[in-house]
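Observations on the model geometry
Below are the chains, spelled out letter by letter.
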Amino acid sequence: VTIAGSGDNTIVIDGAVYSNLANVLLYGDNNHVTIGATGHVATFRNSPGIGNIILDGNNATVINHGTISGGAAVLIRDGMNGRVENTGRTTGVTGVTFSNMALGSLNEVINTGYIHGSDYGVTVQIGVGFQATEIFNAGILGGGIAAIAGSEFIDTVRNSGTIIGDVMLYGG
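Please read all numbers here as calculations on a predicted model, not as lab measurements.

Moving on to the overall build of the chain. What the chain contains, in helices and strands, is zero helices and 20 strands. On C-alpha atoms alone, the chain measures out to a radius of gyration of 14 Å, which is about the 16 Å that the 2.2 N^0.38 rule sets for 172 residues. Taking the principal axes of its C-alpha atoms as reference, the chain extends roughly 35 × 30 × 25 Å. A total of 172 residues make up the chain; the buried ones form 49% of that total. Within the chain, contacts between residues separated by at least 24 positions form 49% of all contacts whose residues are at least 6 apart in sequence. For the chain, the exposed area adds up to about 7,000 Å²; of that, 55% sits on carbon and sulfur atoms. Within the chain, one finds 5 positive and 12 negative side-chain charges whose respective centroids are separated by 7 Å.

Right, dumping it as structure tokens:
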């Protein structure tokens, strides 16, 4: 599913979506993707350069109650205020990635399920200025290189669950 345009899209997946590339690619602001408890979204290419669910723009939200697997499982980029809520299972080379987020952005991960990346569970990549990332974990969050790779800005981690792997906050 690729939707390009002005945004304000809502996608709900309660079945199975499989491909070799991105399964959901939304451009524009205010896009929301919900994976229901019976939903499964998988890409068969396990590469950090292949996003499984990709949202470009401001106020992007992914809510997962099912399974997201493969590649960069959830990739939110090129905007402000990304949010991921996970009660299901999110796995890939990276579980959740925020990339190139804008000045003043607040990125949030709320996990009561399972997030794991063979490289990183949650990673914040280069942004264009000051941004904050808040991670609330009451589930299991892990990664092969690090469970969390933060940014040089303000990172907050609140954990009442299990973190498997390093937490690298850099300057944040």
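Below, the discussion takes up the pairing of strand 15 (residues 131-137). Walk down a regular strand and you will see the side chains alternate between the two sheet faces. Across the seven residues that make up strand 15, a large majority, five, are buried. Two elements, strand 13 (residues 105-111) and strand 15, share seven bridges in a ladder whose sense is parallel. Residue pairing in the sheet places V109 in a bridge with I135 of strand 15. With six bridges joining them, strand 15 and strand 18 (residues 154-159) adopt parallel strand pairing.

Tallying each qualifying case throughout the model produces three salt bridges. For the salt bridge of E85 with R83, the shortest nitrogen-to-oxygen distance reads 2.7 Å. The partly exposed category is assigned to R83, whose relative accessible area is 25%. The shortest N-O distance in the salt bridge between R83 and E108 comes to 2.7 Å. Linking R83 in strand 11 (residues 83-86) with E108 in strand 13, this pair joins segments that are 25 residues apart in sequence. Taking the relative accessible area as the measure of exposure, E108 reaches 16% and is therefore buried.

Within the fold, V12 resides in strand 2 (residues 10-13). Here V12 falls in the exposed class, since its relative accessible area comes to 54%.

About the thresholds
Residues numbered from 1 in each chain as written. Predicted model: local features only at pLDDT ≥ 70, side-chain atom pairs only at ≥ 80, totals over all residues. Heavy atoms only, no water. Helix = DSSP H or I, 4+ residues; strand = E, 2+ residues; numbered from the N terminus. Rg over C-alpha atoms; globule rule 2.2 N^0.38 Å. Buried < 20%, exposed > 50% of the residue type's maximum accessible area, 1.4 Å probe, protein only. Contact = heavy atoms within 4.5 Å. Areas by Shrake-Rupley, 256 points an atom, 1.4 Å probe, with all protein chains shown as cover. Lys, Arg positive; Asp, Glu negative; His and termini not counted. Charge placed at Lys NZ, Arg CZ, Asp CG, Glu CD. Pairing = 2+ DSSP bridges. Salt bridge = Lys/Arg side-chain N within 4 Å of Asp/Glu carboxyl O.

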